[in-house]
Amino acid sequence: MVRVLSGIQPSGALHLGNYIGALRQWVAFQDEYDAFYCIVDLHALTLEGDPAERRDRAFEAACNLLATGLDPTRCTLFCQSHVPEHTRLTWLLECTATMGELNRMTQFKDKSRRHEAVRVGLFTYPVLMAADILLYDAGAVPVGDDQRQHLELTREVAQRFNNRYGEVFTIPEAVIPTVGARVMDLQHPERKMSKSVESPLGTVNVLDPPEQIEHKVKRAVTDTDGEMRYDPDAKPGLATLLDLMAVATGRRPQEVAQDYGRYGDLKRDLAAALVELLEPIQKRYAEFADDRGAVERVLAAGAEHAHEVAQATYARAAAAIGLLPPA
Ligand code: AMP
Ligand code: TRP
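Treat the numbers as computed from the prediction; the structure is a model and nothing was measured.

Caption draft 1: View of the overall build of the protein chain. Counting its secondary structure elements, the protein chain contains 13 helices and five strands. The C-alpha atoms of the protein chain give a radius of gyration of 21 Å, which matches the 20 Å a tight globule of 327 residues would have. Counting only C-alpha atoms, the protein chain reaches 70 × 45 × 40 Å along its principal axes. Counting over 327 residues, the protein chain shows a buried share of 50%.

This is the structure we're talking about:
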């Protein structure tokens, strides 16, 4: 059975972009693959954060993932920091990747521009991500479109390591959804929906109460010509709404456009569709959040299983690169 691995940062509320771009695939892949899903708490350290809040966020991420439909009997769900081989393999890969390669990463350029005193970890972030993937011999990595370049880097670095030191790593493929790979911000439809708090009105969170979802959809930016058609370049705001409606109803955005005359009607139905989509997740979230012990047991069992796999891969890589094995 092919293995999949994916990760998500516990750095803020889960939003529709995460759900549509990534998590829906994660849930579906549990039945087709040997699935490993990782809460990448070490990646979250690349930006500032309060320690107590970080802990809460990691726990909330676990509740969120379980609520969206990850089932610990069908997948391995764990925290990155609970499996020490992630950082150990990162070092071997940092000694394989080059500065030039990391300098080309658009996510780094983008994030480093928006922060002062950029942390070294933000620069090497993609190498840690490569370690996450390569440790588990993942053949497939379900991610949103924004992670395409990181996946390319992972493949490059893995190939280079294999060429130099022997066949150690499986070369992974990115699996990017054809619909919903880039969910855009409702206030700034030229940029992707994200966890950053710059645009709270533009981001619909999975746990937003119904009134808030309705409010955000109602206030979504469209255009003034009032013409209903799917045209992401000329009419990005409307296209975002049509995309979301298409995902919520399992149709194509062009078809959705044909069903509506007025923007207001589309917004009303979209808000209702999103509330319906998210309600069951919200209900389950509350149940998991109330049962801390159960969630912690899931993470402990996940880490134990992940550790077994990761240990074997790390030992292979360390031996291949020429580290003296401990006696
Ligand atoms: P992050 O929140 O950055 O940890 O991302 C977790 C997953 O959600 C990754 O697979 C991302 O590619 C995906 N993702 C994040 N934002 C979006 C978005 N606006 N549209 C589609 N996918 C997204
Ligand atoms: N960098 C990814 C993101 O921001 C999260 C991530 C970390 C990841 N490690 C991973 C995704 C491994 C897939 C596989 O979305």
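Caption draft 2: Examining the side chain of glutamine 30 more closely. Looking at the element boundaries, glutamine 30 is found in helix H1 (residues 16–32). A polar atom in the side chain of glutamine 30 sits 2.7 Å from the backbone nitrogen of aspartate 71. In contact with glutamine 30, not counting residues within four places along its chain, are Ala35, Tyr37, Gly69, Leu70, Asp71, Arg74 and Cys75.

Caption draft 3: Quick peek at the side chain of histidine 150. Residue position: histidine 150 is located in helix H8 (residues 148–165). The exposure class assigned to histidine 150 is buried, which follows from its relative accessible area of 2%. One polar contact links histidine 150 to glutamine 147, side chain to side chain, over a distance of 2.8 Å. If we ignore the near neighbours within four places in the chain, the residues touching histidine 150 are Met105, Gln107, Tyr125, Pro126 and Met129.

Caption draft 4: Looking closely at the site of ligand 2. Taken together, 13 residues are adjacent to ligand 2, and Gly7, Tyr125, Met129, Asp132 and Gln147 come closest. Take tyrosine 125: an N or O atom from its side chain is 2.7 Å from a nitrogen atom of ligand 2. Taking glutamine 147, its side chain carries an N or O atom lying 3.1 Å from a nitrogen atom of ligand 2. When ligand 2 sits alone it has 360 Å² of accessible area, and the protein chains cover 90% of it.

Caption draft 5: Molecular detail of the state of the cysteines. Enumeration according to the criterion identifies zero disulfides in this entry. Lacking any disulfide linkage, cysteine 63 is separated from the closest cysteine sulfur, that of cysteine 79, by 11 Å. A relative accessible area of 0% places cysteine 63 in the buried class. Considering cysteine sulfurs only, cysteine 38 is the nearest to cysteine 79, which forms no disulfide, with 7.4 Å between them. You can call cysteine 79 buried: its relative accessible area is 4%.

Caption draft 6: Looking closely at the packing of helix H4 (residues 85–94) against helix H13 (residues 292–321). Direction vectors running N to C along H4 and H13 enclose 20°, while the axes themselves pass 10 Å from each other. One finds that H4 runs roughly parallel with respect to H13. Both H4 and H13 take part in a crossing whose hand is left-handed. On H13, the residues touching Glu85, Arg88, Leu89 and Leu92 of H4 are His307, Ala310, Gln311, Tyr314, Ala317, Ala318 and Ile321. By residue class, the composition of the contact of H4 with H13 is seven nonpolar, two polar and two charged.

Caption draft 7: Structural context of the site of ligand 1. In the vicinity of ligand 1, 18 residues are found, and the nearest of them are Gly144, Asp146, Val183, Met193 and Lys195. Separating an oxygen atom of ligand 1 from a side-chain N or O atom of asparagine 18 is a distance of 2.9 Å. Between ligand 1 and aspartate 146 there is a distance of 2.4 Å, counted from an oxygen atom to a side-chain nitrogen or oxygen. Within the complex, the protein chains bury 92% of what would otherwise be the 480 Å² of accessible surface of ligand 1. Here the shell around ligand 1 is composed, by residue class, of six nonpolar, eight polar and four charged.

Caption draft 8: Expanded view of the pattern of salt bridges. Overall, the coordinates contain 24 salt bridges when judged by the stated rule. Notably, a salt bridge pairs glutamate 60 with arginine 57, separated by 3.7 Å at the nearest N-O pair. With a gap of three residues between them, glutamate 60 and arginine 57 both fall in helix H3 (residues 51–68), about one helical turn apart. The exposure class of arginine 57 is partly exposed, given its relative accessible area of 29%. Between aspartate 146 and lysine 192 there is a salt bridge, and its shortest N-O distance comes to 2.5 Å.

Caption draft 9: Looking closely at the pairing of strand E2 (residues 34–39). A large share of E2 lies buried, amounting to five of its six residues. In this fold, strand E1 (residues 3–8) hands off to H1, which returns the chain to E2; that crossover is right-handed.

Caption draft 10: Quick peek at H3. Over its 18 residues, H3 runs 26 Å from end to end, which matches the ideal 26 Å to within 8%, given 1.5 Å per residue. All of the buried residues in H3 are Ala58, Phe59, Ala61, Ala62, Cys63, Asn64, Leu65, Leu66, Ala67 and Thr68. Looking at the buried side of H3, the elements it contacts are E1, H1, E2, strand E3 (75–79), helix H12 (263–289) and H13. In the stretch just after H3, glycine 69 is the one whose phi turns positive, near 125°.

Calculation notes
- Residues numbered from 1 in each chain as written.
- Chains lettered and ligands numbered in written order.
- Predicted model: local features only at pLDDT ≥ 70, side-chain atom pairs only at ≥ 80, totals over all residues.
- Heavy atoms only, no water.
- Helix = DSSP H or I, 4+ residues; strand = E, 2+ residues; numbered from the N terminus.
- Rg over C-alpha atoms; globule rule 2.2 N^0.38 Å.
- Buried < 20%, exposed > 50% of the residue type's maximum accessible area, 1.4 Å probe, protein only.
- Polar contact = N/O pair within 3.5 Å; in protein donor to acceptor, adjacent residues only side chain to side chain.
- Contact = heavy atoms within 4.5 Å.
- Near = heavy atom within 4 Å.
- Areas by Shrake-Rupley, 256 points an atom, 1.4 Å probe, with all protein chains shown as cover.
- Disulfide = S-S within 2.5 Å.
- Axes fitted to C-alpha atoms, helices over the stretch in contact; angles between N-to-C directions.
- Parallel < 35°, antiparallel > 145°, perpendicular 65-115°, else oblique.
- Left-handed = near helix turned anticlockwise from the far one by under 90°.
- Nonpolar A, V, L, I, M, F, W, Y, C, P; charged D, E, K, R; others polar.
- Salt bridge = Lys/Arg side-chain N within 4 Å of Asp/Glu carboxyl O.
- Right-handed = clockwise from strand over helix to strand, strands pointing away.
- Expected span 1.5 Å × (residues − 1).

As far as function goes, none of this settles anything; it's purely spatial.
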